[in-house]
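Residues per chain, in single letters:
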Amino acid sequence: MAKCLLCNSQLGFSLTIKGLLWPTKLQSPVICPLCMKGFEKIPVKLSCPVCSRPQPSGEVCGDCQRWQKVYPWKIQHHGLYRYNDAMKAYIQSYKFSGDYRLRHVFAEEMKAEIKKYDVDLVIPIPVTDQTMATRGFNQVRGWLEGVDLDDSLATKMEEKVAQSKKNRQERLKTPQIFNLNNPSEILGKRVLLVDDIYTTGRTIYHASECLYNAGAASVVSLSLAR
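Residue positions are given per chain, counting from 1 as you read along its sequence in written order. Local features in a predicted model are, by the rule used here, given only for residues with pLDDT of at least 70; side-chain atom pairs are given and counted only at 80 or more, and totals for whole chains, interfaces and linings are based on all residues. Each side-chain value is worked out from all heavy atoms of the structure, with water and hydrogens disregarded.

Attention now moves to the overall build of the chain. Runs of E in the DSSP output that reach at least two residues are strands. Runs of H or I that reach at least four are helices, and both are numbered from the N terminus. On a plain count of helices and strands, the chain comes out with 9 helices and 6 strands. Each of the 226 residues in the chain was classed as buried or not, and the buried ones make up 45%. Summing over all exposed atoms, the chain offers an accessible surface of approximately 12600 Å²; the carbon and sulfur share of this is 52%. Burial here depends on accessible area, computed with a 1.4 Å probe over protein chains only, as a share of the maximum for the residue type. Under 20% is buried, over 50% is exposed, and the range in between is partly exposed. Residue burial considers only the protein chains on display, and all accessible areas are found by Shrake-Rupley using a 1.4 Å probe.

Here it is, written out as structure tokens:
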């Protein structure tokens, strides 16, 4: 019997009447209901309509109002889950401790979400060569196996301090870290950027700036956590 990837408890699997009458490829659960309960979906009506920041109202948050003074365009970002304690523990185990099995926890949900977008290119936020050498994988690509991904966006330099180690002000002051491998391929394209966590928006805005400078028709973004 399969076990939960997070707590190692045994997983039950029940077949519905619909599944018996109209058999399809079965999707076995990978985590138990108790662990899944720890992850908190972001309610649309109680979040910023621009960046999905959880808040008491559906008004544009102060962060997005400040970004709109910096850039002439507005990012439409959707975050699926709050970055609560359960999500922090998951990201720590998957991304930083390198438990690649954990990509399965949110892979199907992330791929299903991507299908809702009418775009030409799906671009995962890239990791640095140093990160690839030490971690061995890009955590976003781990969720998106089987999705047609574009590699146009690349890191311009190796950061001495990882974004995850910076405080809010240090993140906001980070200089542009991206460039494009094939800028001509971006012209006129509708692009979906995919990242793991939207924190201050600095990463998404830097990536979007590259794409718009290359002539992208539109840029929207998606993250697992906000």
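The subject of this paragraph is the sheet that holds strand β6 (residues 218-225). Each pair of strands is called paired provided DSSP finds at least two bridges between the two strands. Taking strand neighbours across the sheet as the criterion, the 4 strands line up as β1-β6-β5-β2 in an open arrangement whose pairing is parallel. With partners counted over all chains shown, the strands left at the sheet margins are β1 (76-81) and β2 (121-124), one partner each. With strand direction ignored, the average angle separating the axes of adjacent strands in the sheet is 20°. Direction of pairing for strand β5 (residues 190-197) relative to β6: parallel, over a ladder of 7 bridges. What sits directly across from Asp195, in β6, is Ser223. Relative to β6, helix α4 (residues 85-96) is tilted by about 100°, and along the sheet it contacts β1, β5 and β6. Should any heavy atoms of two residues lie within 4.5 Å, those residues are counted as being in contact. Axis geometry follows a simple rule: fit a line to the C-alpha atoms, using only the stretch in contact for helices, then measure angles between N-to-C directions, giving values from 0 to 180 degrees. Here helix α9 (residues 202-213) sits on the sheet in contact with β2, β5 and β6, set at roughly 160° to β5.

A few words now on the side chain of Lys111. Within the element layout of this structure, Lys111 appears in helix α5 (residues 104-114). According to the relative accessible area criterion, Lys111 is buried, its value standing at 19%. Every residue in contact with Lys111, bar those within four places of it in the chain, is listed here: Trp143, Leu144, Glu145 and Val147.

Here Leu80 lies in strand β1. Judged by relative accessible area, which is 4%, Leu80 ranks as buried. Sequence separation between Leu80 and Leu224 is 144 residues, and the spatial gap between their C-alpha atoms is 5.2 Å. Ignoring sequence-local partners within four residues, the contact set of Leu80 consists of Glu40, Lys41, Ile42, Glu109, Met110, Glu113, Leu222, Ser223 and Leu224.

Looking now at α4. Working rule for helices: expected span equals 1.5 Å times residues minus one. With 12 residues, α4 should cover 16 Å at 1.5 Å per step; its first-to-last C-alpha distance of 15 Å lies within 8% of that length. Among all positions of α4, only Met87, Tyr90, Ile91, Tyr94 and Lys95 are buried. An end-on view of α4 places all buried positions within 100° of arc, on one side of the element. Where α4 is buried, its residues contact β1, α5, α6 (129-135), α7 (139-143), β5 and β6. Each C-beta atom gives one direction from the helix axis, and the arc is the one those directions make.

If you trace the backbone, Tyr90 turns up in helix α4. Taking the relative accessible area as the measure of exposure, Tyr90 reaches 2% and is therefore buried. For Tyr90 and Arg103, which are 13 residues apart along the polypeptide, the C-alpha to C-alpha distance reads 9.9 Å. Beyond its immediate chain neighbours, meaning those up to four positions away, Tyr90 contacts Leu6, Phe39, Leu102, Arg103, Val105, Phe106, Trp143 and Leu224. There is a polar contact of 2.7 Å between the side chain of Tyr90 and the backbone oxygen of Leu102. Definition of a polar contact: a pair of N or O atoms within 3.5 Å, with one able to donate and the other able to accept a hydrogen when the atoms are protein atoms, and with sequence-neighbouring residues admitted only if both atoms are side-chain atoms. Reaching out from Tyr90, the side chain makes a polar contact with the side chain of Trp143 at a distance of 3.1 Å.

Turning our eyes to something else, we now look at the pairing of β2. By the alternation rule, side chains of β2 split into Leu121 and Ile123 and Val122 and Pro124, which are all buried. Relative to β5, β2 runs parallel, the two being bridged by 4 bridges. Along β5, the bridge assignment pairs Val122 with Leu192.

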